[in-house]
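Observations on the model geometry
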Amino acid sequence: MGCDGGTIPKRIELVRTKKKAEKVDKDAKNIANWQFCHLSQMPLQEPIVACELGWLYNKENVIEYLLDRASFESGPQYIRSMKDLKELKLTPNKNYKGPCDEKRDDYRDLNASKWVCPVTGLEINASYSCCLLWKCGCVFTEKALKEVKSETCHACGCKFEEEDIVSLIPDEEVIRVNEERMCGRREKAKLSRVSRVEGSA
């Protein structure tokens, strides 16, 4: 058996076991979701839009998808038109130095962000949970909305309700909450359209 020198083989060395499936690193996945379009997997570039479930997209890629769905292998069926998306109003980070030069041996901070929360000053990235106000498109950290409670947007002054808050880059639990709020907003919009049609008739 090749155990020269009196070594005793262990079970793991003798028995072949089924290999475990590789787990995706949650932090790496979150960083990627903050830096790449959910549809095209291309780096995010402004203008950036978000869907009602909280995923980020390049506006240009979504327009291409809506014009020619057949050219995409798979895409979000819940995005029917540009009305189902909201363009993000992001506060630029003055300390952001841009991507490092890959040819040189510069340190690359993967959590460095081009944007910050206008209230707390924290970077908008995978390190902190972030939210979008659906009515106006302003982006904050969840910490800002919890600590400075208000019924108006801290950046533009637009009034909002709890249902207007969309958590960005959601996990499985948050996706369910975002889905319920999306259905509620769409139902309200449908009822308001019906009432307008009945009122004009």
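A brief report on the enclosed structure follows. (Residues numbered from 1 in each chain as written. Predicted model: local features only at pLDDT ≥ 70, side-chain atom pairs only at ≥ 80, totals over all residues. Heavy atoms only, no water.)

What about the sheet that holds strand β8 (residues 165-167)?
Note the cut-off: For two strands to pair, DSSP has to find at least two bridges joining them. A run of DSSP states H or I qualifies as a helix once it reaches four residues; a run of E qualifies as a strand once it reaches two. Both are numbered from the N-terminal end. Geometry is summarised by axes, namely lines fitted to C-alpha atoms with helices restricted to the contacting stretch, and by angles between N-to-C directions that run from 0 to 180 degrees.
Overall, antiparallel pairing links the three strands, which are arranged β7-β6-β8 in an open sheet. Two strands in the sheet have a free side with no partner beyond their single neighbour: β7 (139-141) and β8. Neighbour-to-neighbour, the strand axes of the sheet open up by a mean angle of 35 degrees, direction not taken into account.

Remarks on the nonpolar core
For clarity, the threshold we go by: Residues belong to a common nonpolar core when they are buried Ala, Val, Leu, Ile, Met, Phe, Trp, Tyr or Cys residues joined through side-chain atoms within 4.5 Å. Partly exposed residues are those whose accessible area sits between 20% and 50% of the maximum for their type, while under 20% is buried and over 50% is exposed, using a 1.4 Å probe and protein chains only. Only heavy atoms matter for contacts: two residues are in contact if any of them lie within 4.5 Å across the pair.
Formed by 40 residues in total, the largest nonpolar core has its most connected members in Leu56, Tyr57, Leu88, Leu132, Leu133, Phe140 and Leu168. Elements represented by at least two residues in this core include exactly β1 (48-51), β2 (56-58), α3 (59-67), β6 (130-133), β7, α4 (142-147) and β8. Each residue touching Leu132, except ones within four places of it in the same chain, is listed here: Ala50, Lys86, Leu88, Gly137, Cys138, Val139, Asp164, Ile165, Val166 and Leu168.

Some words on the side chain of Asn58
Spelled out, the test is: Within 3.5 Å is the distance limit for a polar contact, defined as a pair of N or O atoms, with the added protein rule that one can donate a hydrogen and the other accept it, and that residues adjacent in sequence qualify only through two side-chain atoms.
Position of Asn58 among the secondary structure elements: in strand β2. Among the polar contacts listed, one links the side chain of Asn58 to the backbone oxygen of Pro43, at a separation of 3.1 Å. A polar side-chain atom of Asn58 sits 2.7 Å from the main-chain amide nitrogen of Gln45. Discounting residues that sit within four places of it in the chain, Asn58 has contacts with Cys37, Ser40, Met42, Pro43, Leu44, Gln45 and Pro47.

What about the pairing of β1?
Neither face of β1 is exposed, since Ile48 and Ala50 on one face and Val49 and Cys51 on the opposite face are all buried. Examined bridge by bridge, β1 and β2 share three bridges and lie antiparallel to one another. Each residue of the ladder has a partner; that of Val49, found in β2, is Tyr57. Linkage of β1 to β2, two consecutive antiparallel strands, is achieved through a turn of four residues, within which Gly54 is found at a positive phi near 105 degrees.

Section: the packing of aromatic side chains
What counts is decided by this rule: What counts as a ring pair is set by centres within 6.5 Å for rings of Phe, Tyr and Trp (its six-membered ring), and what kind of pair is set by the plane angle: stacked under 30 degrees, edge-to-face over 60, tilted for all other angles. In this analysis the charged atom, NZ for Lys or CZ for Arg, is taken to sit over a ring once it is within 6 Å of the ring centre and within 35 degrees of the ring normal.
Evaluation of the coordinates by the stated rule reveals zero aromatic pairs. Positioned above the aromatic ring of Trp134, the side-chain terminus of Lys86 is 5.9 Å from the ring centre.

In short, geometric facts, not functional conclusions.
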